[in-house]
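Descriptive structure summary
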2 protein chains.
Amino acid sequence: MGKLEGKAVVAQGGGPTAVINQSLVGVALEARKHSQITHVYGARHGVSGILAEDFVDLSQATSHNLEMVAATPSSGLGSTRDKPNAEYCEKIFEVLRAHDVRYFYYIGGNDSADTCHIVNDNATKAGYELRVIHIPKTIDNDLLVTDHCPGYGSAAKFVVSAFAGVNLDNYALPGVYVGVVMGRHAGFLTAASVFARKYPDDGPHLIYVPEQVFDQDKFLAEVDRVYKQHGRCVIAVSEGIMDKSGQPVMTSLQSSVERDSHGNVQLSGTGALGDALGDLVKKKLKIKRVRSDTFGYLQRSFLSVVSTADANEAREVGEKAVQYSVWHNVDGSVAIRRTGDYSVDYMLTPLDTVAKATKHMPEEFLQGDHDVSIAFKNYARPLIGNFPHYERLAAPGVKKLLR
Amino acid sequence: MGKLEGKAVVAQGGGPTAVINQSLVGVALEARKHSQITHVYGARHGVSGILAEDFVDLSQATSHNLEMVAATPSSGLGSTRDKPNAEYCEKIFEVLRAHDVRYFYYIGGNDSADTCHIVNDNATKAGYELRVIHIPKTIDNDLLVTDHCPGYGSAAKFVVSAFAGVNLDNYALPGVYVGVVMGRHAGFLTAASVFARKYPDDGPHLIYVPEQVFDQDKFLAEVDRVYKQHGRCVIAVSEGIMDKSGQPVMTSLQSSVERDSHGNVQLSGTGALGDALGDLVKKKLKIKRVRSDTFGYLQRSFLSVVSTADANEAREVGEKAVQYSVWHNVDGSVAIRRTGDYSVDYMLTPLDTVAKATKHMPEEFLQGDHDVSIAFKNYARPLIGNFPHYERLAAPGVKKLLR
């Protein structure tokens, strides 16, 4: 079998992460090393850029620029929510054929893996030889097969820094605080808030993830208990928490619901869930100082909060994608396998094992219906890495003289 | 005149900042050097801790612990929103007399300066010799006399990092984005978002501060103009923006309004303003992808985002407070004077020049009704310091072959 020679196209789909450009640059720099890849193009705004022939020639970018882009959060090529159907894919091939593209690398979540799967199927049916590699990324950490997803560790580090800060804030000015974290189906990102607990009475005191049924009455009882014990209560909540009928708590609060082309309901970009939970606590428990924040887009694109392990792995999955396709002439999705504590290697898994479906937090990562376990902490800690140390005042109390 | 000998009390009031503990530790370490200060006590939760005789003995804290606390965001001693009246102050004196306290340092904003002023007046009337020094802090940067306030630079750095990130996010997935920033009366913090603009078409494209009347129709026209020009629009809005009748835009949207003991309306801890502005854009301009985030408590307590100049100055105002009171035996509020570009020195200003009133952005810092000026950038840049560099891809476009 001869070498497959032609151009490569790399694109980015779905929600950005802090390290998604590490993968892009991993592809670009690795592809530039191989003579059978004649040019490496970047498609602007994912598959929609292929359709529009909206390419930039990454072979002609400087290595300094590429390294700077690698350290820049959010998809440098732009992103898309388009989900190609058969007709869409026909148009993709027309463009790929015209440009002699033989290598397609798509960086994204399970929707992007699905896109890869459809494109690959269509390529096979059309008799067009095309290597298709899906490169994982998602702050939700909800892809199947892979141990974890590039983008998760950095977003988790943001969540830890945020909750460590608001816990200190809530310690200074006590009350009830609700922090709403991204996570449609999986609670991995919200669960990371557990690392904000340093001292035994630190928050978040309650952690609610979509994997557990959210019961309003139980929730209020827990908030009441914690507030009576500590005089304050910090709560971490996934945007995707669901009631016992399987309905997102969020949808029951919104009059009109927005869906994207993958059928996903809009959960982010609104403070409604946090406000509603805050109001509930205020009204039912008669607690005056109740505040809520929705971390929103900050957690996936904030400048400067990056996990080192996450950045390194995001780079490596990009490089491995090119290596698999060039050295082994195969299609698939790059997956991370944990080999030690902490070490990893990489493998390629068939596209259909990653497409569409999502992973949830396993039972062993949960504890009761409002906390996460030590097993989760052991899993997540190396992905997040170090975060800044901080201390409370340790000074002896002074004897009261008057009262 | 002999040296005034006795104990010192330091306390923290109002909203926490990322560097408020630098001032606390500045006071504690400096006070420990002077023999006439027999002990330095910390009052827990501001003046309310004095009333409750809730003191810790900072003379008995380790220097390592104090340095770790200095690097920890949010008020290490706890805070309060209490505003002492004459009766409250009588009780304060009773406690101060009983503990032989002769030096009182209060770290806070204009409400805390007001507290200092009342306590000082009462001390004078009661014939009790007491040095009272107010130490400035506020992320709002709205204190009179001082060039700027410790706490502002670090919060501004957070705002810049957040908007730089969401601008990149919005560049990847275009739409309209509204980011709501803290700032009740003054727009300094929201104005800092201007530093997120690196490339000429970067957001925030529109910046709304409380110093300018917010007109819904003009707002919609501007969003429409920017969206038509760039295909996207990033907007920075102060929580305290007001309509032409002087009413906060926020209050007209909330059914019940919460006030603290200083009469301040609750603006933070709810996503209502961002959601309302987002809905307005969605409905009136028929733009589908509209998102809003309310930065909330993250901007004043987030772990690890600190301006170096801000941290250093916060330490120094604490040290200077002790030095003024010990070497010069005077009362007042420590103020920062800008002497060069960039250098500062410190001065003491009478308490009544800082108490109660707030500073607004001067006319020269504003540009039109939805932007800030170069004069503001020149003022604010050294306070924020460096933030991470980032780049867009710089690669040539590829010629279309089909369309």
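Cut-offs and rules
- Residues numbered from 1 in each chain as written.
- Chains lettered and ligands numbered in written order.
- Predicted model: local features only at pLDDT ≥ 70, side-chain atom pairs only at ≥ 80, totals over all residues.
- Core = buried A, V, L, I, M, F, W, Y, C linked by C-beta atoms within 7 Å.
- Buried ≥ 20, exposed ≤ 12 C-beta atoms within 10 Å, placed from the backbone.
- Contact = placed C-beta atoms within 7 Å.
- Axes fitted to C-alpha atoms, helices over the stretch in contact; angles between N-to-C directions.
- Helix = DSSP H or I, 4+ residues; strand = E, 2+ residues; numbered from the N terminus.
- Parallel < 35°, antiparallel > 145°, perpendicular 65-115°, else oblique.
- Left-handed = near helix turned anticlockwise from the far one by under 90°.
- Nonpolar A, V, L, I, M, F, W, Y, C, P; charged D, E, K, R; others polar.
- Least-squares fit on C-alpha atoms with pLDDT ≥ 70 in both.
- Domains from an automatic or database assignment.

What follows is about the nonpolar core. If you look at the biggest cluster of nonpolar residues, it comprises 260 residues, and the most contacted ones within it are Ala28(A), Tyr105(A), Ala28(B), Tyr105(B) and Val159(B). The contact partners of Tyr105(B), leaving out residues within four places of it in the chain, are Ala8(B), Val10(B), Val27(B), Ile133(B), Ile135(B) and Ala321(B).

Here we take up the packing of helix 8 (residues 216-230) of chain B against helix 9 (residues 272-285) of chain B. In helix packing, the relevant descriptors are the interaxial angle and the interaxial distance, both defined with respect to the helix axes. Residue and element names in this part refer to chain B. One can describe the packing of helix 8 onto helix 9 by two numbers: an axis separation of 11 Å at closest approach and a directional angle of 70°. As judged from the angle between their axes, helix 8 and helix 9 are roughly perpendicular. Relative to helix 9, helix 8 is oriented so that their crossing is right-handed. Every residue of helix 9 that contacts helix 8 at Gln-216, Leu-220, Val-223 and Asp-224 is listed here: Leu-280, Val-281, Lys-284 and Leu-285. Per-class residue counts for the contact of helix 8 with helix 9 are five nonpolar, one polar and two charged.

Here two copies of a chain appear, and what relates them is a rotation about an axis with a shift along it. The two copies are related by a screw operation: chain A maps onto chain B through 180° of rotation and 0.0 Å of translation along the axis, at an RMSD of 0.0 Å. Read as a symmetry element, the transformation amounts to a two-fold axis. Measuring from the rotation axis to each C-alpha of chain A, the shortest distance belongs to Gly271(A), at 2.3 Å. By residue overlap, the copies meet face to face through one surface: 100% of the interface positions of chain A are interface positions in chain B.

Residue and element names in this part refer to chain B. Two elements in contact, helix 6 (residues 152-172) and helix 12 (residues 374-384), have axes whose closest approach is 8 Å; the angle formed by their N-to-C orientations is 100°. The orientation of helix 6 with respect to helix 12, classified from their angle, is roughly perpendicular. Judged by residue contacts, Tyr-152, Gly-153, Ala-156, Lys-157 and Val-160 of helix 6 engage Ala-380, Leu-383 and Ile-384 from helix 12. Partitioning the contact of helix 6 with helix 12 into residue classes produces six nonpolar, one polar and one charged.

Turning our eyes to something else, we now look at the domain arrangement of chain A. Residue and element names in this part refer to chain A. In terms of domain boundaries, chain A breaks down into domain 1 (6-139 + 146-150 + 306-353) and domain 2 (153-304 + 361-384). If you look at the interface, domain 1 gives 18 residues, while domain 2 gives 17 residues. Among the residues forming the side of domain 1 that touches domain 2, the class breakdown is eight nonpolar, five polar and five charged.

A word on the environment of Phe158(B). All names here are of chain B. Relative to the elements of secondary structure, Phe-158 occurs in helix 6. On the basis of neighbour count, Phe-158 is assigned to the buried category, with 31 C-beta atoms found within 10 Å. Setting aside chain neighbours within four positions, we find Phe-158 in contact with Gln-299, Phe-302 and Val-305.

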